[in-house]
Amino acid sequence: MKSPRPVLQYPNDQLKKIAEPITDFGTQILRDTVKEMIATMRRLRGIGLAATQIGLHKQLAVIELKDGPLVLINPQISRCSKKLEEDEEGCLSVPTVFGMVPRYTELVLDAFDIDGKPYTAEAHGLFARVIQHEYDHLHGKLFLDRSTRLTTGLDRARALGIALTG
Ligand code: ZN
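Residues numbered from 1 in each chain as written. Predicted model: local features only at pLDDT ≥ 70, side-chain atom pairs only at ≥ 80, totals over all residues. Heavy atoms only, no water.

Novice: Just give me the short version of the pattern of salt bridges, but keep the residues and values in it.
Specialist: Applying the stated criterion to the full structure yields nine salt bridges. With a shortest N-O distance of 2.6 Å, Arg5 and Glu36 are connected by a salt bridge. Residue Arg5 is located in the segment before α1 (28–43), and its partner Glu36 is located in helix α1; the two are separated by 31 residues in the primary sequence. For Glu36, a relative accessible area of 17% puts it in the buried group. (Salt bridge = Lys/Arg side-chain N within 4 Å of Asp/Glu carboxyl O. Helix = DSSP H or I, 4+ residues; strand = E, 2+ residues; numbered from the N terminus. Buried < 20%, exposed > 50% of the residue type's maximum accessible area, 1.4 Å probe, protein only.)

The following block contains the structure:
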């Protein structure tokens, strides 16, 4: 089991950096990094984590909802719905602060897996929201940049028993 890594906290300037695309797939270092990111996300009870958040400026993120972890490398979002929906979001890099954030309700994700195999996934609801949140991290953006209203999020986090998103 790989060790969790420290997560950068707002307002660390590194969170504003734009991540570089990954060109070397299937390497041991990439596998180890992904394992560390999954361990970090699980330890902090997040549902997503971008490499940017551990100070690694590569186009890499992990997401874990009900199914096993999903690795997103060089993710692109295509075919967004016209519809936006506001919901409450949090971030492992912005502890204790939550906010209402408008996001596309449906989208198509194009990304690569750890071995460099391209895949496409249709996402809606929370899955679509987390993809947009992690994609933003890889482009130096936080939910704070998009939030229409900040909230404490405490009731919701308690009810779900999780720290929302990553
Ligand atoms: Zn986040």
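Novice: Could you give an account of the sheet that holds strand β1 (residues 48–50), with specific residues and numbers?
Specialist: The strand order β1-β2-β3-β6-β7 describes an open sheet built from five strands, whose pairing is antiparallel. Each end of this open sheet is capped by a strand with a single partner; those strands are β1 and β7 (118–124). For this sheet, the mean inter-axis angle between neighbouring strands, taken without regard to orientation, is 40°. When β1 meets strand β2 (residues 60–63), the two strands line up antiparallel, connected through three bridges. (Pairing = 2+ DSSP bridges. Axes fitted to C-alpha atoms, helices over the stretch in contact; angles between N-to-C directions.)

Novice: Report on unusual backbone geometry, specifying residues and quantitative values.
Specialist: Between Tyr10 and Pro11 the backbone carries a cis peptide bond, its omega angle lying at 10°. Along the chain, the position of Pro11 falls in the segment before α1. In the Ramachandran plot, Arg45 falls in the positive-phi region, its phi being about 60° despite a non-glycine side chain. Along the polypeptide, Arg45 turns up in the loop between α1 and β1. A residue is classified by how much of its surface remains accessible, and Arg45, at 52% relative accessible area, is exposed. Positive phi is not limited to glycine here, since Thr96 has a value of about 70°. Relative to the helices and strands, Thr96 is located in strand β5 (residues 94–104). We classify Thr96 as exposed; its relative accessible area is 65%.

Novice: Explain helix α2 (residues 125–138) residue by residue, including any values.
Specialist: Counted at 1.5 Å a residue, the expected span for α2 with its 14 residues is 20 Å, and the 21 Å between its end C-alpha atoms agrees. The buried count for α2 comes to 10 of 14 residues, which makes it a mostly enclosed element. Among the residues of α2, Ala128, Arg129, Val130, Ile131, Gln132, His133, Glu134, Asp136, His137 and Leu138 are the ones counted as buried. Positive phi shows up at Gly140, right after α2, with a value of about 75°. (Expected span 1.5 Å × (residues − 1).)

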